[in-house]
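Structure at a glance
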Amino acid sequence: MNAAVHQRTGQADAAEAFAGWLQGLGGNGDQNSAGGIDWLESEREQAAARVRTQLVPTNKSEGWRYTGLRKLIEQGFVNVDEPVTALTPDDIGEFLIPELDAHRVVLVNGRFSDALSSLGELPKGVRIGSLRDLLESDPASVKGVLTRIAGEGRHVFASLNTAAIDDGLVLQLDRGAIAERPIEVIHLSIGMDEPRVAQPRNLLSLGDGAQAQVIERYVSLGDALYCTNSVLEIALGRDAVLKHTRIQQESRNAFHITGLYLSQEANCRYAGTNIGLGGTWARTDLVTRFAGEHAECDLKGLYLAGDQQLIDYHMDVRHALPNCASRETFKGILYGKGRAVFDGLVYVARDAQKTDAEMSNRNLILSPNAEVDTKPQLEIYADDVKCSHGTTVGQIEPEMLFYLRSRGIAASLARRMLCLGFAGEIIDALGPESLRDYVAEQVGQRLEQAPLE
Amino acid sequence: MLSVKGLKASVGDEPILKGLDLEVKPGEVHAIMGPNGSGKSTFAHVLSGREGYEVTGGSAELDGEDLFELEPEERARLGLFLAFQYPVELPGVNNMYFLKAALNAIRKSRGEEELDAVSFMRLMKEKLKILHLDDSLLKRPVNFGFSGGEKKRNEIFQMALLEPKLAILDETDSGLDIDALRIVADGVNALRSPERSMIVVTHYQRLLDYIQPDHVHVLAKGRIIRSGGKELALELEEKGYGWIVEGEAA
């Protein structure tokens, strides 16, 4: 009986738990950018209604077994209500990647910042702007895409984001357009007097044959406490190619949620690399749907979790059509009391013959107190497919460490070298050299500072 | 240079070294020979600080410093070098990056500046030549996918680069064909100098045809039971270890 009571109290009402996230939304249309756009108002209202009927996931809920929400709810986050305008480009100097030549977009607490962005000259057929502006000037251009790819999303956080749609990044490439220089998107968070949640809604839409490289980064000023609840909808047309790097470097007190929803037409290719370094609690859902044959989805990841950190990656890759390929290659390094979750689901429907799916999750555990919960799942209903999965959890070989130390290399540097060697496969796949060097340095620094156990 | 007195060491509960004495003077090359299981490799590992051994008695000093008070990297910085019997493969760790980190760690401990990229490359090329190694080796992960011969040559190459005071070669000849053995031995000989000492641990006399030792010691059951000049090695080759080990037991 005790257990039953416990469960009921655990199954709290989402609307109550996330009241602050919904604050100031709905009803009075002039508060946000959706005002006057009927279809969007309706999407938002439906999302808010979903939140009111949903329950907060508990450790009994599918997909939340190892990722408790109590800590997040206790913070009592309140929706960001006003833009931060006091920053100058000098303030973001410390976040820049040395020698990275890119079109740069900066969002501050979820709001697009013209003053901090430096787009430079964009190639023909490439448009970058704020969702807020676009909803004012040309809402028709996002109709049928915005909210359509994510749909109801995977869980309550997607509903919360949709209910709060206001601003974010919109990147649109016309048919055949090619952006040669990378597009860097910096999501900057700044702590406010009370804990705030920013809910940027981002849309990347590539027309047939378009190509782009997007580097998305989540950073913060100082050790601020805040929450990012970001949704990205990505639509790739036929033959389009998107190379997408996401580097999560939130403050060590931050909570981070990303839902990335991807729709892929025939022959297109998505190559995404997720680097998870920051935050005290981070949850990322990567969701792919193939809308045409011979499309490829390559999801790579590297996560590093130490004391006071939980990093969770969930993947949901659904093959409903034949001849598509998906790869999931995730590596994790855990130290101190760090915790990570990897949950990869690849679903192959009966008609999805000739599917080529591969999933691997390898983990290096540097401390007896660290933990990783890994769950690769293949659900296959077709009979002519090539699918595989593998998971490993291991430690640094003492032999390797000794070999390096016997050459005069300090134990902390030796460990850094071995971990970067382990992570090399993921880091090397990042595009420009400046980005690879930057990520290797960020990962390396963290490892060198981690206590030796 | 190296002074080992009454060294005792065990693995778990099993004593392996049971009172080993050895004095090595600057410039000398000592060969340590002995049957399998006599404790030769244990001796090399204990000196270099590998985990898994417990020193239960005696002492080892390098230039007056107590080795057992030092971490493995501190011993290396002091000038101790172990050429591994089985060099460890480090997938994903670039060889050049590794060599640079090692060289700079050791230079720093000697109070020397880190080398700039140009001087470093020049030094590498010079040392690679001694071991007949191709510079493509620098771009590969450390020992990963190397042939047996390449691994052993890479060990001696590291020794050439790091210029230790005392080098311990642990069965460097094992698994080498005669051509590779000659290259490795030539490399080692090129590094002989009045300031540098070496301990050559081997099961076979063969290596000693190429690297001529000043002293030969026979290690059996955890102690040095016989020492002599290089002619002792020839005698061992001819008669095997049986006579000397049994002679000792009787």
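Refer to the structure presented above.
Position labels on residues start from 1 in each chain and follow its written sequence. Lettering for chains starts from A, numbering for ligands starts from 1, and both go in the order in which the items are written. Thresholds applied to this predicted model are a pLDDT of at least 70 for local features of residues and 80 or more for the giving and counting of side-chain atom pairs; totals over whole chains, interfaces and linings are not thresholded and use all residues. Excluded from the side-chain calculations are hydrogens and water; all other atoms, namely the structure's heavy atoms, are used.

It is worth spelling out the interface of chain B and chain A at this point. Listed as interface residues are 31 residues of chain B and, on the opposing side, 17 residues of chain A. Each of two parts loses accessible area, computed with a 1.4 Å probe, when they are put together; buried area is these two losses added. Across the chain B to chain A interface the summed buried area is about 2,000 Å²; carbon plus sulfur atoms make up 64%. The salt bridge criterion pairs a side-chain nitrogen of Lys or Arg with a carboxyl oxygen of Asp or Glu, the two atoms within 4 Å. Taken together, chain B and chain A are joined by 4 salt bridges. The shortest N-O distance in the salt bridge between E399 of chain A and R50 of chain B comes to 2.3 Å. Polar contacts here mean pairs of N or O atoms no more than 3.5 Å apart (in protein, one a potential hydrogen donor and the other a potential acceptor; neighbouring residues in sequence count only if both atoms are side-chain atoms). Our count for the contact surface shared by chain B and chain A stands at 11 residue pairs in polar contact (both at pLDDT 80 or more). When contributions to the side of chain B that touches chain A are tallied by element, the ones reaching two or more residues are helix 2 (72-78), strand 6 (80-83), strand 7 (90-94), helix 3 (95-109) and helix 5 (148-162) of chain B. For the purposes of this entry, the term helix denotes a DSSP run of H or I that reaches at least four residues, the term strand denotes a run of E that reaches at least two, and both are numbered from the N terminus. Sort the elements by how many residues they give to the side of chain B that touches chain A and helix 3 of chain B lands first, with 6 residues. Three categories are distinguished: nonpolar for Ala, Val, Leu, Ile, Met, Phe, Trp, Tyr, Cys and Pro, charged for Asp, Glu, Lys and Arg, and polar for the others, with Gly belonging to the last. When grouped by side-chain class, the residues that make up the side of chain B that touches chain A number 20 nonpolar, 5 polar and 6 charged. Whether two residues touch is decided by their heavy atoms; if any such pair falls within 4.5 Å, the residues are in contact.

The next point concerns the pairing of strand 5 (residues 169-173) of chain A. All names here are of chain A. Burial of strand 5 is extensive: 5 of the 5 residues sit out of reach of the surface. Only protein chains enter the accessibility calculation, which uses a 1.4 Å probe; a residue is then buried when its area is under 20% of its type maximum, exposed when over 50%, and partly exposed in between. Of the two faces of strand 5, the one holding L169, L171 and L173 and the one holding V170 and Q172 are both buried throughout. Bridge count for strand 4 (residues 126-130) against strand 5 is 5 bridges, and the pairing is antiparallel. Residue pairing across strands places G129 opposite V170, the latter belonging to strand 5. In the sheet, strand 5 pairs with strand 8 (residues 201-206) via 4 bridges, with the strands oriented parallel. Counted as the bridge partner of V170 is L203 from strand 8. One requirement defines pairing of two strands: DSSP has to find at least two bridges between them.

All names here are of chain A. Pairs were defined over the aromatic rings of Phe, Tyr and Trp, the Trp ring being its six-membered one, requiring ring centres within 6.5 Å. Orientation was assigned from the angle between planes: stacked under 30 degrees, edge-to-face over 60, tilted for the rest. Scanning all chains against the criterion turns up 14 aromatic pairs over all chains. Summarising the aromatic geometry, the rings of W64 and F157 are spaced 5.9 Å apart at their centres and angled 45 degrees between planes, so their arrangement reads as tilted. Of this pair, W64 sits in the loop between helix 4 (38-53) and helix 5 (70-74) while F157 sits in helix 7 (residues 156-163), and the two are 93 residues apart along the sequence. Take F157: its relative accessible area is 0%, and that puts it in the buried class. When the centroid spacing of 5.3 Å and the interplanar angle of 55 degrees are considered together, the rings of Y313 and F330 count as tilted. Of the two residues, Y313 is situated in strand 16 (residues 310-319) and F330 in strand 17 (residues 325-334); the sequence distance between them amounts to 17 residues. Taken together, F18, W21, W64, F77, F157, F255 and W281 form an aromatic cluster joined through their ring pairs. Here K331 stacks its cationic end above the ring of F422, 4.8 Å away from the centre of that ring. One residue, R407, lies across the ring of Y403, its end atom 4.9 Å from the ring centre. For a lysine, the NZ atom is tested; for an arginine, the CZ atom; a charge sits over a ring if that atom is within 6 Å of the ring centre and within 35 degrees of the ring normal.

Taken in spatial order, the 4 strands make up an open sheet running 2-1-4-5 (chain B), and their pairing is antiparallel. Taken across any chain shown, the strands that pair with only one partner, and hence form the sheet edges, are strand 2 (14-24) and strand 5 (65-66) of chain B.

Below, the discussion takes up the sheet that holds strand 17 of chain A. Residues and elements named next belong to chain A. In space, the 10 strands of this open sheet follow the order 3-2-6-9-11-13-15-17-19-21, with mixed pairing throughout. Only two strands of the sheet have a single partner each, and these edge strands are strand 3 (111-118) and strand 21 (386-394). With direction set aside, neighbouring strand axes in the sheet form an average angle of 10 degrees. For strand 13 (residues 269-276) and strand 15 (residues 296-305), the ladder comprises 8 bridges, and the chain directions are parallel. Across the sheet, the residue bridging to G276 is Y303, located in strand 15. An axis is simply a line fitted to the C-alpha atoms; with a helix, the fit covers only the stretch in contact. Between two such axes, the angle follows the N-to-C directions and lies from 0 to 180 degrees.

Glancing now at the environment of S42 of chain A. All names here are of chain A. The topology assignment puts S42 in helix 4. Overall, S42 belongs to the partly exposed group, its relative accessible area being 29%. When the C-alpha atoms of S42 and A163 are compared, they prove to be 9.6 Å apart, with 121 residues separating the residues in sequence.

Turning our attention to the pattern of salt bridges. Opposite charge on two side chains lets them pair, provided their charged atoms get close. In the structure shown here, the tally under the stated rule is 45 salt bridges over all chains. Across the salt bridge formed by K40 of chain B and E171 of chain B, the nearest N and O atoms sit 3.8 Å from each other. Of this pair, K40 of chain B sits in helix 1 (residues 40-48) while E171 of chain B sits in the loop between strand 9 (166-170) and helix 6 (178-190), and the two are 131 residues apart along the sequence. Comparing K40 of chain B with E171 of chain B, the two get one shared label, buried. The structure contains a network of salt bridges with shared partners spanning R154, R283, D285, R289, D312 and D316 of chain A.

Residues and elements named next belong to chain A. Using protein atoms alone on a 1 Å grid, points that fit a 1.4 Å probe yet trap it form a cavity, whereas open point sets bounded by protein on both sides within 12 Å along at least five of seven lines form a pocket; residues with an atom within 4 Å of a point count as lining. Grid points are joined across faces, edges and corners, and a volume is the space filled by probe spheres set on the points. This structure, assessed with the given rule, holds 4 cavities of 30 Å³ or more. Taken as a whole, the largest cavity spans an internal volume of roughly 60 Å³. Considering the residues around the largest cavity, the lining is formed by Y218, R246, I247, Q248, H256, N274, I275, G276, T284 and Y313. Those elements that place two or more of their residues in the lining of the largest cavity are strand 11 (241-248) and strand 13. Residue composition of the lining of the largest cavity, by class: 4 nonpolar, 5 polar and 1 charged. One number sums up the size of the second largest cavity: a volume of about 50 Å³. Along the walls of the second largest cavity sit N109, G110, H187, L188, S189, A198, P200, Y218 and T228, which together make up its complete lining.

Purely geometric numbers; function is a separate question.
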